[in-house]
Every structure is written in C-alpha cells, then in structure tokens.
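# Chain and residue survey
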Amino acid sequence: MSLPPQPWPTGLAEQVEPLVARVLAPNGSPFTYTGTQTYLIGGDEGLAVIDPGPDDPAHIAALVAATGGRPIIAILCTHTHRDHSPAAAPLAALTGAPIVGCAPLVIESDAPRVDAPFDKAYAPDRVLADGDEVAGPGWTITAVATPGHTSNHLCYALEESGALFTGDHVMAWSTSVVVPPDGDMGDYMASLMKLHDRDDRIYYPAHGPAVEKPRQLVRGMVGHRRAREKQIARLLEQGPQTIAAMVPVMYKGLDQRLWPAAAQSVHAHLIEMAKHGQAREEEHGTWTRPA
Ligand SMILES: [Zn+2]
C-alpha cells in the first residue's frame, strides 16, 4: 500500500487551534497511515502531551523542541499500542513530567498480532478512570473510557474547546482494528454509542485528519459495523464458514496485506455474535449458525 501524501512534515509543531498543537511522528505505515500524531495541549504556562508516540529519538527530540521550554504537566496515553505510549517513559525522564492516563493492560496475549503490539513496559504514575480530570493553566482534560480497540483505551476531552482526542477509537481514514481477545466488538460498539451521545465539536484522532462532523462519522461507523454483522449472518445462513473464506467475499477490493486485519475484525464480530446465540464455533475454526 502506498502512503498518502504527508499532511505536514514530521517533527514540526503545527498549531491546529489556540490550545492545541500537533507533531507528526516519522512512523507512517499501512496501520498508522501518515504516522502517529502527538498533541500538545495548553499555552505558555504548562502543557499536556497526548500520545507521545513511538520510542523514536528524533520524535522525542521534536516533542521537547515543541515545548519551547514550557513545563509538561502531564503525559497522557490513550492506550498502550507501541505506536502510542513507548515515548512516555523517555519523555518523562527528560522533563520530569508524570505519566497519567490509561491503565497498563491486564489481559496479555502472546498470540501473533497483525497490528502494532502492546507496550508491556508502560508504567503510569496515575491511572485515570472514566470522568477523571487532569488540569493545567487554562485547560482541563477529562478521561472518557472507550474500550473496544483495546480494553484500556481512553479518549480525552478538552473542556475549554469542545475537542475530543480519540486515539485509535474513531479515525476518519480507517475503521478501528478490533483484535480479540483484548479487543472486544461489543465494547467497541458501546464506546461508539457513548461518543454519539456526547456533543463534542471536533475529534483529533491519533492518525489522520481531524473530524469536523464527529456525530455523522460515528453514526456511519455504527452502521458500517452492523452491515458487516449482517453480511456474516447471511454467509452463515448459506452454510458453515471459515474466517479465511469469508474475508475475500466480505472485503472485495481490499489490499491483500490487510486481509489478516480484516480477519481479526470478522473474528471479533463472530465472538460477539456467539455471545448473542447468532454464531457458534465448531471444530477446526468452522463457524455455523445455531439451529
Ligand atoms: Zn492502537
């Protein structure tokens, strides 16, 4: 897959609104799109850093440069995939800032993964629960628990501007990859509905462009997932299915390198459907519709 044109050079701070700047990390890929975007929140007296990104010395140096000597009051991570949280520890060591935010993962899987694996070294100074606040000079950030993409995923609401930092939960360029067992399709759908019931003005995802019509996008994503579930139900009505056989039928035109990710999402749907008696796993990875 060829990468899209870079929206902004890596390593430079771009002010996207009065309290929000972003710095693009040099880690573009089919799973990270143009790369991880680290957000700097606040003004002259102190900053929060959201998703410091991969442990890349050039990116960490760019973040330190972007602070311009302003203190970092908190380093926040949305979740602990390796393209989001590994820079937290070196940035904390350089600046003395505390790491505040999502919990370390409870569930650990050593199964081969198709997307960025987990940062097992992540060690926060303070874990935020849904509704917990972190405040600095002129800004207040509230944690919004949004499990699904990972079980520990948090979004962050900037109360002064109506912006929501959505991490990998909602992005405009791609649907979120939900990889069982840590990823959970039922949780993911509930977390989409949770955002739909809020009235955030704009979303800033960790990858790709800002979302200026957040409700409309979330509604589309809920519809998309329900359509995928219906597709799976129809295939099961035709007879026993394997995930490997379902993916090319369901994802016509998708780059074959992304089939493993699509297979994980189909698996996540099947697990959720099984909970509701709409699918059953038989031997040898065959799925059927319960009679
Ligand atoms: Zn992720």
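Values in this document were obtained by computation on a predicted structure and should not be read as measured data. (Residues numbered from 1 in each chain as written. Predicted model: local features only at pLDDT ≥ 70, side-chain atom pairs only at ≥ 80, totals over all residues. Heavy atoms only, no water.)

### Some points on the environment of Pro290
Topologically, Pro290 is positioned in the segment after strand S15 (286-288). Setting aside residues no more than four positions away along its own chain, Pro290 makes contact with Gly277, Gln278, Ala279 and Arg280. (Helix = DSSP H or I, 4+ residues; strand = E, 2+ residues; numbered from the N terminus. Contact = heavy atoms within 4.5 Å.)

### Notes on the pattern of salt bridges
Overall, the coordinates contain nine salt bridges when judged by the stated rule. Glu17 is the partner of Arg201 in a salt bridge, and the nearest nitrogen-oxygen pair spans 2.9 Å. Of the two residues, Arg201 is situated in the loop between helix H3 (185-196) and strand S12 (202-205) and Glu17 in strand S1 (residues 13-17); the sequence distance between them amounts to 184 residues. Take Arg201: its relative accessible area is 42%, and that puts it in the partly exposed class. In this structure, Arg289 and Glu237 form a salt bridge, with 3.9 Å as the shortest nitrogen-oxygen distance. Of this pair, Arg289 sits in the segment after S15 while Glu237 sits in helix H4 (residues 214-238), and the two are 52 residues apart along the sequence. (Salt bridge = Lys/Arg side-chain N within 4 Å of Asp/Glu carboxyl O. Buried < 20%, exposed > 50% of the residue type's maximum accessible area, 1.4 Å probe, protein only.)

### Observations regarding H3
An ideal rise of 1.5 Å per residue puts 16 Å on 12 residues; H3 measures up with 16 Å between its terminal C-alpha atoms. When H3 is considered as a whole, its buried residues turn out to be Met185, Tyr188, Met189, Ser191, Leu192, Leu195 and His196. Looking down the long axis of H3, one finds its buried residues gathered within 160 degrees of arc, a one-sided arrangement. Looking at the buried side of H3, the elements it contacts are strand S9 (139-145), strand S10 (154-158), strand S11 (163-167), S12, H4 and helix H6 (259-275). The opening residue of H3, the one whose side-chain oxygen lies 2.9 Å from the backbone nitrogen of Gly186, is Asp184. (Expected span 1.5 Å × (residues − 1). Arc of directions from axis to C-beta. Polar contact = N/O pair within 3.5 Å; in protein donor to acceptor, adjacent residues only side chain to side chain.)

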